[in-house]
Amino acid sequence: VIILLCSNLQWTEDKEQNRKQMKHTITLIPGDGIGPEIVSATVRIIEATGIEIEWETQIIGAQALEKFGTTIPDSTIESIKRNKVALKGPLTTPVGKGFTSVNVGLRKALDLYANVRPVKALPNVPCRYPELDLVIVRENTESLYAGLEHIVVPGVVESLKIITEKASTRIARYAFEYAKLHGRKKVTGMHKANIMKLSDGLFLECFYNVSKDYPEITADDKIIDNACMQLVMRPEQFEVMVLENLYGDIVSDLCAGLIGGLGLAPGANIGELGAVFEAVHGSAPDIAGQGIANPTAILMSAFMMLRHIGEFDAADRAEKAMMDVYAESDVRTRDLGGTASTADFANAIIEKLK
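Residues numbered from 1 in each chain as written. Predicted model: local features only at pLDDT ≥ 70, side-chain atom pairs only at ≥ 80, totals over all residues. Heavy atoms only, no water.

Draft legend 1. Seen up close, the packing of aromatic side chains. All chains considered together, the criterion is met by five aromatic pairs. The interplanar angle of 75° and the centroid separation of 5.0 Å between the aromatic rings of Phe-207 and Tyr-208 together place this pair among those described as edge-to-face. Residue classification places Phe-207 among the buried positions, given a relative accessible area of 1%. One Lys or Arg, Arg-138, reaches over the ring of Tyr-145 and ends 4.5 Å from the middle of that ring. (Phe/Tyr/Trp six-rings, centres within 6.5 Å; stacked < 30°, edge-to-face > 60°. Buried < 20%, exposed > 50% of the residue type's maximum accessible area, 1.4 Å probe, protein only. Lys NZ or Arg CZ within 6 Å of the ring centre and 35° of its normal.)

Now the structure itself:
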């Protein structure tokens, strides 16, 4: 017993020593609007866990265009490639004019092919399905969302929907691997192959081809319009969903609405060259600088980031602290009916971490 106890103590000490020795360099992109405020609050909470991080701050979007003449500077791309991971605040994308989506450009530049959006209800936050817990895996590089369009003649615009076997197979395998790693038993492919028989048909074919390598996981599919209805009526039937780009963009926002909105939904864009963890909501310029924004979405994205870099203990402790604040206190930002500032909310979580 004494030998076993000593061994366990040594293992605990070694584990703690290894944790203390881990140092990470992470690219930090504060973003636009409320981005700098919620990112700053998140950085404070991460640092309160005690892990050692060197933040390498970069800019993209409108700020970069003004300073460097391009929305995605080479220095930002090189930083993410070097560090392999980034935490990014929301960006402003002009609607119908101006520069193209920087988010899309960043995903293309780094081949961040997998967009991962967990959707889980929070304690004491009113929502239709308080037990909801599902994950959306969205193909990130092609389909209509890629924005490949041109003017055929004045008054006629053509948009190209590109679906490839390579991308469809890759995202299907990511979804099944995610399910396997996280103990989920079912993956659902969503499509419109009844109408787009070639493009969505190829996506669906690749999905089922990959599923054969995972006999322990149930694979099924749903036509996208029916899937949206089912998500509103009986979302508990889904565990992991895999979708092509445009469908995934729409469905991920739909699911965020089931738990209270985009302010509570984390996201990650993952590829072989790196991973970018981000808030999926907008930059909310109407409340920027007021210190009232809810940092929950970017904070939960940071929890995903910590697990991605192997800091499981810090992620678990910080996530528990946030959940405890939601479950045990009335500290809420204004979007959830409270009066707390962004800093107040962060302070409450940090206090739980002590």
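Now that the structure has been shown, we can carry on.
Draft legend 2. Structural detail: the sheet that holds strand β2 (residues 52–57). Reading across the sheet, the 10 strands line up as β2-β1-β3-β12-β11-β4-β5-β10-β8-β9 and stay open at both edges, with mixed pairing between neighbours. Two strands close off the open sheet at either side, each with one partner strand: β2 and β9 (218–223). The average undirected angle you get between the axes of adjacent strands in this sheet is 25°. Bridge count for strand β4 (residues 114–120) against strand β5 (residues 133–139) is seven bridges, and the pairing is antiparallel. In the sheet register, Asn-115 faces β5, and the bridge partner there is Arg-138. Packing of helix α4 (residues 74–83) onto the sheet brings it into contact with β1 (23–29), β2, β3 (85–88) and β12 (275–279), and relative to β1 it is tilted by some 155°. Helix α7 (residues 199–211) rests against β8 (186–191), β9 and β10 (240–243) of the sheet, and its axis sits at about 170° to β9. (Pairing = 2+ DSSP bridges. Helix = DSSP H or I, 4+ residues; strand = E, 2+ residues; numbered from the N terminus. Axes fitted to C-alpha atoms, helices over the stretch in contact; angles between N-to-C directions. Contact = heavy atoms within 4.5 Å.)

Draft legend 3. Representation of the packing of helix α2 (residues 35–48) against helix α10 (residues 296–308) within the structure. Taken N-terminus to C-terminus, the directions of α2 and α10 make an angle of 45°; their axes are 9 Å apart at the nearest point. Overall, the two elements α2 and α10 adopt an arrangement that is oblique. You can see that α2 and α10 cross each other, and the crossing is right-handed. Along its contact with α2, which presents Ile-38, Val-39, Thr-42, Ile-45 and Ile-46, the element α10 presents Ile-298, Leu-299, Ala-302, Met-305 and Leu-306. When its residues are assigned to classes, the contact of α2 with α10 shows nine nonpolar, one polar and no charged. (Parallel < 35°, antiparallel > 145°, perpendicular 65-115°, else oblique. Left-handed = near helix turned anticlockwise from the far one by under 90°. Nonpolar A, V, L, I, M, F, W, Y, C, P; charged D, E, K, R; others polar.)

Draft legend 4. Fine view of a nonpolar patch on the surface. Together, Leu-148, Leu-160 and Ile-162 give the surface a local cluster of nonpolar side chains, amounting to about 220 Å² of exposed area. Among the structural elements, Leu-148 can be located in the loop between β5 and β6 (149–153). (Patch = residues over 30% accessible without salt bridge, like charges linked within 9 Å, V, L, I, M, F, W, Y side chains within 5 Å. Areas by Shrake-Rupley, 256 points an atom, 1.4 Å probe, with all protein chains shown as cover. Salt bridge = Lys/Arg side-chain N within 4 Å of Asp/Glu carboxyl O.)

Everything listed here is a matter of coordinates, which is why it stays silent on function.
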